[in-house]
Amino acid sequence: MATSLVLDASSQAPLHRQLYEALRASIVAGRLSPGTRLLSTRALAEQLDLSRNTVMNAYTQLLAEGYLVGQLGSGTYVARELPERRPAQRALIRPPSKGASPPPISKRGTTMAAAHAGLSATLGLIQSGMAFRLGTPSVDAFPSELWGRLLHRRWQRSWREVLSHQDPRGYLPLRQALADYLATSRGVRCGPEQVLIVNGSQQAISMVAQVLLDPGDAVWVEDPGYIVAQGVLKAAGATLVHVPVDEEGLNVEAAIRLSPNARLATVTPSSQFPLGITLSHRRRLELLQWAERSNAWVFEDDYDSEYRYVGRPLACLQGLTPDARVLYTGTFSKVLTPNLRLGYLVVPEALVETFVAARIFSDFQSAPLEQAVLTDFITEGHFSRHVRRMRTLYAERQALLVEEARRELAGLIDIGPADTGMHLLGWLPPEMDDRTAAERAAAAGISAPPLSAFRGQSSGRGALLLGYAAVPERDISEGVRRLAQALR
Ligand SMILES: Cc1ncc(COP(=O)(O)O)c(C=O)c1O
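Residues numbered from 1 in each chain as written. Predicted model: local features only at pLDDT ≥ 70, side-chain atom pairs only at ≥ 80, totals over all residues. Heavy atoms only, no water.

Moving on to the overall build of the protein. Regarding its fold elements, the protein presents 15 helices and 12 strands. Here the C-alpha atoms of the protein give a radius of gyration of 24 Å, agreeing with the 23 Å that 2.2 N^0.38 yields for 488 residues. With respect to the principal axes defined by its C-alpha atoms, the protein has extents near 75 × 60 × 60 Å. Among the 488 residues that make up the protein, the fraction classed as buried is 53%. Considering only contacts in the protein between residues 6 or more positions apart, those separated by 24 or more positions represent 71%. Here the protein displays about 23,000 Å² of accessible surface, and carbon together with sulfur accounts for 52% of that area. Here the protein holds 52 positive side-chain charges and 48 negative ones, and the gap between their average locations is 5 Å. (Helix = DSSP H or I, 4+ residues; strand = E, 2+ residues; numbered from the N terminus. Rg over C-alpha atoms; globule rule 2.2 N^0.38 Å. Buried < 20%, exposed > 50% of the residue type's maximum accessible area, 1.4 Å probe, protein only. Contact = heavy atoms within 4.5 Å. Areas by Shrake-Rupley, 256 points an atom, 1.4 Å probe, with all protein chains shown as cover. Lys, Arg positive; Asp, Glu negative; His and termini not counted. Charge placed at Lys NZ, Arg CZ, Asp CG, Glu CD.)

Spelled out as C-alpha cells, the structure:
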C-alpha cells in the first residue's frame, strides 16, 4: 500500500474524516489500484501514529460506500469496481431468457411495467453519484438522536395504545396536529376528519387515481413535470395530457384547449417541479374555475413548500376558495427523510368515506409507531425548529453551489439562485444535448439528470438538475470540479 497519507493535526476536520478523504482520493485517482490489499487497521494506525479507532472509522465508511471490499480484521481490499464507475442502477428484474414465454399478467400489470420501463433510466441517473442527488434531504442532518429518544419514550409509555391503533385515516392526534399546522402555515381549509395519513405522496396520487379515474380518462400533467407521479397515472391507465408550463406556471388556457374534459389536473403550485416556478394567482383562479365548471378535480402536490428562501410562502390552492375541488397532499420526505414514508392527503368531506375504503383495500393504515413519534416531534416544537434549521442549511448549500458553479463552470452552465426548492437548474449552451451531458456526468460519478427526461411534448434549452440539499459542502465543491471536467 504505497501511497502518501498526510494528515493535518491542526485542521478542524476530525482525523478519521481526513484519513477517509485521503484514502478515497488515492483510490479514485488510481494511486491505490483496484484489488490492492490495505494495511491492517493496527499496522496503518502504527505507521501514521493514529489511534486504531480512527483508522477503523475511516475503513468502515469506505466499506459502506463501496470503495473497499472485504472485512475489517480479515483483509480489506480496494474494490475492483468503484462506486463512481458502477452502472447507475442495476437491473432490478432479470430479463426473461430468450424463447421463454412471458408469464400471464393482467392488462394493468402490462401497463404498469411499460410505465416503469419509461422511468427507470432517469431514476438510475438520479440515484447514482456523490453529488448532486436530486430531491432528498440531508441524511446527516436527520435529528437521529432526538428521534431515537422520542421513539424510546413512546414505546415505553404507550406501546399498548400504539399496538391497538387501527384507524385507516391515521393516528388522530397526528391528524389534529397536521390540520392545525396546515391551516396556519399553508392556509388549508380542513378538519382532522379530512386528513388521511399516507405512505408518502406517492401513495396519495395512487389512491387519487384509483378513486377518481377510469382507464382512458384524461389527466392534465405539467410539462416538464414530476415523472414519478405521472408513472402512477399511466399505470392506472390514464391518458396524460402534457400541458406547457410558462413563467406563470401551468398554462390553464392551453390545457383547456388541449383537453377541456379532463377529469383531473395535477399541479405543484408552490414550487413547480422541476422549474421552481410559483403558479400565479390568476392561473390558480382559472384552474379552480375550470374544475368547478367541468366537475373535474385538482391534485395539489405541495411537496416542498417548507423550502422558500425569499419572501413569504404563498397560501395553497386548496384554501383559496371554500369547497374548492382540490385534493391536497404534502410529505415528510423533504423535511425529514423519504424513508419514513409518511405524508398526508386532505380530501373534500364528501370523499372521505371512499378514500377510507380505498385505504382499507390497499394496506389498512400507515405504521402507528412512526405516526405517534411524528406527533410528538410536531407538537413539542421540534418540527418547526428543524424546518428552520434545514432552510438555513439548504440556503447556504444553494449559495455555495451557485458560487462554485459560476466560477468553475463558466461558459458551460448558466446558473442562478432560486427562491424555492432543493435543486437548481444548470442551463447548458443551446448546442449541447442535456442527455449527453448527463451521461458524461454520470460516468464521472456525478448525478445530474437532464431536464429533457422530465419533458413530455415540450422542447427547449437543455439543462441539468443539480440537487444540493443532501450534498455536504466539500462534495459540492468537488462535484462542481468533476462536472466541469466531464463537460469539457
Ligand atoms: C414533485 C414531487 N412530489 C412528491 C414527492 C415526494 O414523494 P413521496 O412523499 O412519495 O416521497 C417528490 C419527491 O421527489 C416530488 O419531487
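What the domain assignment reports for the protein is domain 1 (2-83), domain 2 (121-136 + 386-487) and domain 3 (145-380). The centre of domain 2, based on its C-alpha atoms, is set 26 Å off from the matching centre of domain 3. At the junction of the two partners, domain 2 supplies 29 residues and domain 3 supplies 23 residues. Each partner contributes to the roughly 2,100 Å² buried at the junction of domain 2 and domain 3, and carbon and sulfur atoms together form 65% of this total. When residues of domain 2 are sorted by the area they lose upon contact with domain 3, Asp-419, Thr-420 and Phe-454 head the list and together hold 26% of the total. Taken together, domain 2 and domain 3 are joined by zero salt bridges. Between domain 2 and domain 3 we count 12 residue pairs in polar contact (both at pLDDT 80 or more) in total. Mapped by element, the contributors of at least two residues to the side of domain 2 that touches domain 3 are helix 4 (107-127), helix 13 (382-408) and strand 11 (423-427). The residue makeup of the side of domain 2 that touches domain 3, split by class, is 15 nonpolar, 11 polar and three charged. (Domains from an automatic or database assignment. Buried area = accessible area lost by both parts, 1.4 Å probe. Salt bridge = Lys/Arg side-chain N within 4 Å of Asp/Glu carboxyl O. Polar contact = N/O pair within 3.5 Å; in protein donor to acceptor, adjacent residues only side chain to side chain. Nonpolar A, V, L, I, M, F, W, Y, C, P; charged D, E, K, R; others polar.)

Right, let's get into the packing of aromatic side chains. How two aromatic rings sit relative to each other is set out by the distance from centre to centre and by the angle between their planes. In this structure the tally under the stated criterion is 11 aromatic pairs. Between Trp-155 and Trp-159, the ring centres sit 6.3 Å apart and the planes meet at 40°, which makes this aromatic pair tilted. Here the residue Trp-155 and the residue Trp-159 both occupy positions in helix 5 (residues 144-164), the gap between them amounting to four residues, near one helical turn. With relative accessibility at 37%, the residue Trp-155 sits in the partly exposed group. Here the aromatic cluster, defined as three or more aromatic residues joined through ring pairs, consists of Tyr-181, Phe-332, Tyr-344 and Phe-383. (Phe/Tyr/Trp six-rings, centres within 6.5 Å; stacked < 30°, edge-to-face > 60°.)

Ranked by internal contacts, the top residues of the largest apolar core, which has 70 residues, are Phe-132, Phe-332, Leu-464 and Leu-483. Per-element tally for this core: the top contributor is helix 13, with nine residues. Counting contributing residues per domain, this core is built from domain 2 (121-136 + 386-487) and domain 3 (145-380), each supplying no fewer than three. With sequence-adjacent residues up to four places away left out, Leu-483 is seen in contact with Phe-132, Leu-409, Ile-413, Ala-441, Ile-446, Leu-464 and Leu-466. Counting residues in hydrophobic clusters, the runner-up holds 26 residues, among them Val-208, Ala-209, Leu-212 and Val-221. (Core = buried A, V, L, I, M, F, W, Y, C linked by side-chain atoms within 4.5 Å.)

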